[in-house]
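# Summary of the model geometry
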Amino acid sequence: MTVNAVLRLRAERLARATRPFLARGNRVRRCQSCLLPLKNCLCATITPAQAKSQFCLVMFDTEPMKPSNTGRLIADILPETTAFQWSRTEPPQALLDLVANPDFQPVVVFPASAADSEREVLSAPPPGKPPLFIMLDGTWSEARKMFRKSPWLDALPIISVDLSRISAYRLREPHGDGQYCTAEVAIALLDLAGDTDAAIALGAHFTRFRERYLAGKSAHQGNITAALPESV
């Protein structure tokens, strides 16, 4: 499997860590590419797709290291995806250069309810240049923090996606209705942008990932339960 931008960012973050990162299920032996349990490895099923849309993942602190992260799935299917560690005071220059690239139309993917009255809010990608979807990848509270404390995003329009269905995401508990995982939103954005084949490919990849992740999680929990002594 080709190492994508999220896996590279994960390696950089691990190299900077001063102590081991212990995610849930950290005792499980995992594939170091798809981060699923070895017996549920997904790597052989990944087939990249083509899209005119581009994705830029701005990731909060330890997000690249979490096996449950679904931003990584976007980079699996769309190899041109970029990923950067978020910094409030020192955003990477490569990230600022990408946002300023005249070949793309950058838009921030975030709920319209967070926008002030003067912010341009879109419900579909603007016509013309290929869209650069900037996705703030973290928990809901982390994403809100990145949105509020990234002044370099303030001049960009927001695109808000209403999936209008129950989220299939059960890898982590959402904090409220209408909150979807990164991959689900990306699938909807690709569909809106006319990148239908890429949307289908990412949708299939997300479904396989979710099924295998939950299967591995259930097996791990079952092993833990079996190891517990019976109550007296």
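These numbers were taken from a predicted model, which means no experiment stands behind them.

## Focus: helix H5 (residues 182-192)
Counting buried residues along H5, nine of its 11 residues qualify, which places the element largely inside the surrounding structure. Turning to H5, its buried residues are Thr182, Ala183, Glu184, Val185, Ala186, Ile187, Ala188, Leu189 and Leu190. Positive phi shows up at Gly194, right after H5, with a value of about 85°.

## Some remarks on the side chain of Arg13
For Arg13, the location among the structural elements is in helix H1 (residues 5-16). A polar side-chain atom of Arg13 sits 2.9 Å from a polar atom in the side chain of Asp61.

## With respect to the sheet that holds strand E1 (residues 54-59)
Taken together, six strands build an open sheet; the order of strands is E2-E1-E5-E3-E6-E4 and the sheet is parallel. At either margin of the open sheet sits one strand with a lone partner, and together these are strand E2 (82-85) and strand E4 (121-122). As paired strands, E4 and strand E6 (residues 158-159) are joined by two bridges and run parallel to one another. Paired with Val121 across the two strands is Ile158, which belongs to E6.

## Topic: the state of the cysteines
Across all of its chains, the model carries zero disulfides by this definition. Note on Cys31: no disulfide assigned, nearest cysteine sulfur contributed by Cys43 at a separation of 3.6 Å. For Cys31, a relative accessible area of 11% gives the class buried. Cys31 supplies the cysteine sulfur nearest to Cys34, a cysteine that is in no disulfide, at a spacing of 3.8 Å. Looking at Cys34, the relative accessible area reads 3%, which means it is buried.

## Re the nonpolar core
By size, the foremost hydrophobic cluster in this structure holds 43 residues, and its most contacted members are Phe55, Ile74, Phe133, Met135, Leu189 and Leu202. Apart from the residues within four sequence positions on either side, Leu189 is in contact with Phe55, Val109, Phe133, Met135, Ile159 and Val161. Phe60, Leu95, Val108 and Ala115 belong to the second-largest nonpolar core, a separate cluster that totals 22 residues.

## Regarding the pattern of salt bridges
Close approach of charged atoms allows side chains with opposite charge to pair. Taken as a whole, this structure holds three salt bridges when the rule is applied. Between Lys52 and Asp195 there is a salt bridge, with the nearest N and O atoms lying 3.9 Å from each other. In this pair, Lys52 is assigned in the loop between H1 and E1 and Asp195 in the loop between H5 and helix H6 (196-227), connecting sequence segments 143 residues apart. Glu63 is the partner of Lys66 in a salt bridge, and the nearest nitrogen-oxygen pair spans 3.3 Å. Of the two residues examined, Lys66 and Glu63, each falls in the buried class.

Definitions and limits used
Residues numbered from 1 in each chain as written. Predicted model: local features only at pLDDT ≥ 70, side-chain atom pairs only at ≥ 80, totals over all residues. Heavy atoms only, no water. Buried < 20%, exposed > 50% of the residue type's maximum accessible area, 1.4 Å probe, protein only. Helix = DSSP H or I, 4+ residues; strand = E, 2+ residues; numbered from the N terminus. Polar contact = N/O pair within 3.5 Å; in protein donor to acceptor, adjacent residues only side chain to side chain. Pairing = 2+ DSSP bridges. Disulfide = S-S within 2.5 Å. Core = buried A, V, L, I, M, F, W, Y, C linked by side-chain atoms within 4.5 Å. Contact = heavy atoms within 4.5 Å. Salt bridge = Lys/Arg side-chain N within 4 Å of Asp/Glu carboxyl O.

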